[in-house]
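# Working through the structure, step by step
One letter stands for each residue in the lines below.
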Amino acid sequence: MIVGYSHDYARRCRINTGRLLLRKIGLCRLLAMVKIDRTLGRHSKGDFYLSNIAIYPKFRSMGLGKKLVEYTFKIAKQQGCGRIILDVEKQNDLAKALYKRMGFEKIGESRIKIHNSEFCFERMSFKISS
């Protein structure tokens, strides 16, 4: 599974998504998500945000992650995006290794503290060639 979207798509959907989340999960949880959104998922016009890649454990190490990232390159380019941005958990060495092999570069780090837990992420970027 892969989840990603362009900046323009995210802007179009943000208000309706917020309304739906408010009705479904309530204000407190929505505010926690807003805190996360201020750190993760932020991208600029012309960017494609790669939000999630998930592969069932029994299908890992078969090259599927690489194929999903390659598919993301294709979709982002079709949508006229100039780069792909993603946030990966700092301790997820397997994912970071895949992204580096695919040409992504680390461009920053972020931390989110929710209640008594802290989460650390690395921001990575891939420039799409014309």
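Parameters and conventions
- Residues numbered from 1 in each chain as written.
- Predicted model: local features only at pLDDT ≥ 70, side-chain atom pairs only at ≥ 80, totals over all residues.
- Heavy atoms only, no water.
- Phe/Tyr/Trp six-rings, centres within 6.5 Å; stacked < 30°, edge-to-face > 60°.
- pLDDT = per-residue confidence, 0-100.
- Helix = DSSP H or I, 4+ residues; strand = E, 2+ residues; numbered from the N terminus.
- Core = buried A, V, L, I, M, F, W, Y, C linked by side-chain atoms within 4.5 Å.
- Buried < 20%, exposed > 50% of the residue type's maximum accessible area, 1.4 Å probe, protein only.
- Contact = heavy atoms within 4.5 Å.

### A look at the packing of aromatic side chains
- Counted by the stated rule, this structure contains four aromatic pairs.
- An aromatic cluster is defined as three or more aromatic residues linked by ring pairs; in this entry it consists of Phe73, Tyr99, Phe104 and Phe126.

### Here's the deal with the confidence of the model for the protein
- Confidence in the prediction of the protein, expressed as mean pLDDT, is 82, and 75% of residues score 70 or more.
- Element-level pLDDT for the protein is lowest in helix α2 (residues 27-39), with a mean of 56, against a maximum mean of 95 in helix α3 (residues 64-78).

### A short note on the nonpolar core
- Counting 18 residues, the largest nonpolar core has Val69, Phe73, Ile84, Leu86, Tyr99 and Phe104 as its most contacted members.
- Breaking this core down by element, the ones donating at least two residues are β2 (47-53), α3, β3 (83-89), α4 (93-101) and β5 (117-127).
- For this core, the element with the highest residue contribution is α3, accounting for four residues.
- For Tyr99, the residues in contact, after removing those within four places along its chain, are Leu50, Ile53, Val69, Leu86, Val88, Phe104 and Met124.

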